[in-house]
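# Descriptive analysis of the structure
Residue strings, one per chain:
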Amino acid sequence: MIRLRGQLICTTDAEQAAVHLHMSAHIAASRAEPACLSFDIAATDDPMVFEVMEAFRDRAGFDAHQARTRISPWWQATKDILRAFRMEELGD
């Protein structure tokens, strides 16, 4: 299993608006992926910071998720936002 947890850290109002505009569709598309076990993006007490929590069945599923996101409207809108993520690969 692959788990990723961290934050999207916006530095401008435009970045924050991009997260809000694309977040729902990105969450829905990610949750629909076959290897996705869980996927959430949540607001925090700081309106410029969003908590990201993901879990995928295996490395192949996580890699497929990464490939899909790189061609998505989400990535185009948020690729320049600072990401502070920690990933864990857990054995069976």
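Use the structure listed above.
Residues numbered from 1 in each chain as written. Predicted model: local features only at pLDDT ≥ 70, side-chain atom pairs only at ≥ 80, totals over all residues. Heavy atoms only, no water.

### Structural notes on the pairing of strand β1 (residues 2-9)
As defined by bridge partners, β1 adjoins strand β3 (residues 49-56) across 8 bridges and the pair is classed as antiparallel. Opposite Ile2, over in β3, you have Phe56 as the bridge partner. Inspection of the sheet shows β1 paired to strand β4 (residues 82-89) by 8 bridges, in the antiparallel sense. Opposite Ile9, over in β4, you have Leu82 as the bridge partner. (Pairing = 2+ DSSP bridges. Helix = DSSP H or I, 4+ residues; strand = E, 2+ residues; numbered from the N terminus.)

### What about the side chain of His65?
With respect to the helices and strands, the residue His65 is situated in helix α2 (residues 59-69). Accessibility expressed as a relative area gives 2% for His65, which makes it buried. Within the structure, the side chain of His65 is placed 3.0 Å from the side chain of Glu33, a separation counted as a polar contact. When near neighbours in sequence (up to four residues on either side) are disregarded, His65 contacts His26, Ser30, Glu33, Phe39, Glu54 and Phe56. (Buried < 20%, exposed > 50% of the residue type's maximum accessible area, 1.4 Å probe, protein only. Polar contact = N/O pair within 3.5 Å; in protein donor to acceptor, adjacent residues only side chain to side chain. Contact = heavy atoms within 4.5 Å.)

### What about the packing of helix α1 (residues 13-31) against α2?
Closest axis-to-axis distance for the α1/α2 pair is 11 Å, and the angle between their directions is 145°. Crossing geometry of α1 relative to α2 is assigned as right-handed. Each of His26, Ala29 and Ser30 in α1 lies in contact with α2, whose residues at this interface are His65, Arg68 and Thr69. Grouping the amino acids of the contact of α1 with α2 by side-chain chemistry returns 1 nonpolar, 4 polar and 1 charged. (Axes fitted to C-alpha atoms, helices over the stretch in contact; angles between N-to-C directions. Left-handed = near helix turned anticlockwise from the far one by under 90°. Nonpolar A, V, L, I, M, F, W, Y, C, P; charged D, E, K, R; others polar.)

### Concerning the packing of aromatic side chains
Under the criterion given, the structure shown has 1 aromatic pair. Ring geometry for Phe56 and Phe62: centres 5.8 Å apart, planes at 70°, overall edge-to-face. By relative accessible area, Phe62 is classed as buried at 6%. The ring centre of Trp75 lies 3.8 Å from the NZ or CZ of Arg70, which sits over that ring. (Phe/Tyr/Trp six-rings, centres within 6.5 Å; stacked < 30°, edge-to-face > 60°. Lys NZ or Arg CZ within 6 Å of the ring centre and 35° of its normal.)

### What about the side chain of Glu15?
Along the polypeptide, Glu15 turns up in helix α1. Within the buried core, Glu15 has no salt-bridge partner, and the shortest N-O distance to an opposite charge, that of Arg83, equals 8.2 Å. At 2.6 Å, the side chain of Glu15 forms a polar contact with the backbone nitrogen of Thr11. (Lys, Arg positive; Asp, Glu negative; His and termini not counted. Salt bridge = Lys/Arg side-chain N within 4 Å of Asp/Glu carboxyl O.)

### Looking at the nonpolar core
Grouped burial of nonpolar side chains is what soluble globular proteins tend to show. Leu8, Val19, Met23, Ile41 and Phe50 are the most contacted members of the largest nonpolar core, which totals 18 residues. Sorting the residues of this core by element identifies β1, α1, β2 (36-43) and β3 as the ones contributing at least two each. With residues up to four places along the chain from it excluded, the contact list for Ile41 reads Met23, His26, Ile27, Phe50, Glu51, Val52 and Trp74. (Core = buried A, V, L, I, M, F, W, Y, C linked by side-chain atoms within 4.5 Å.)

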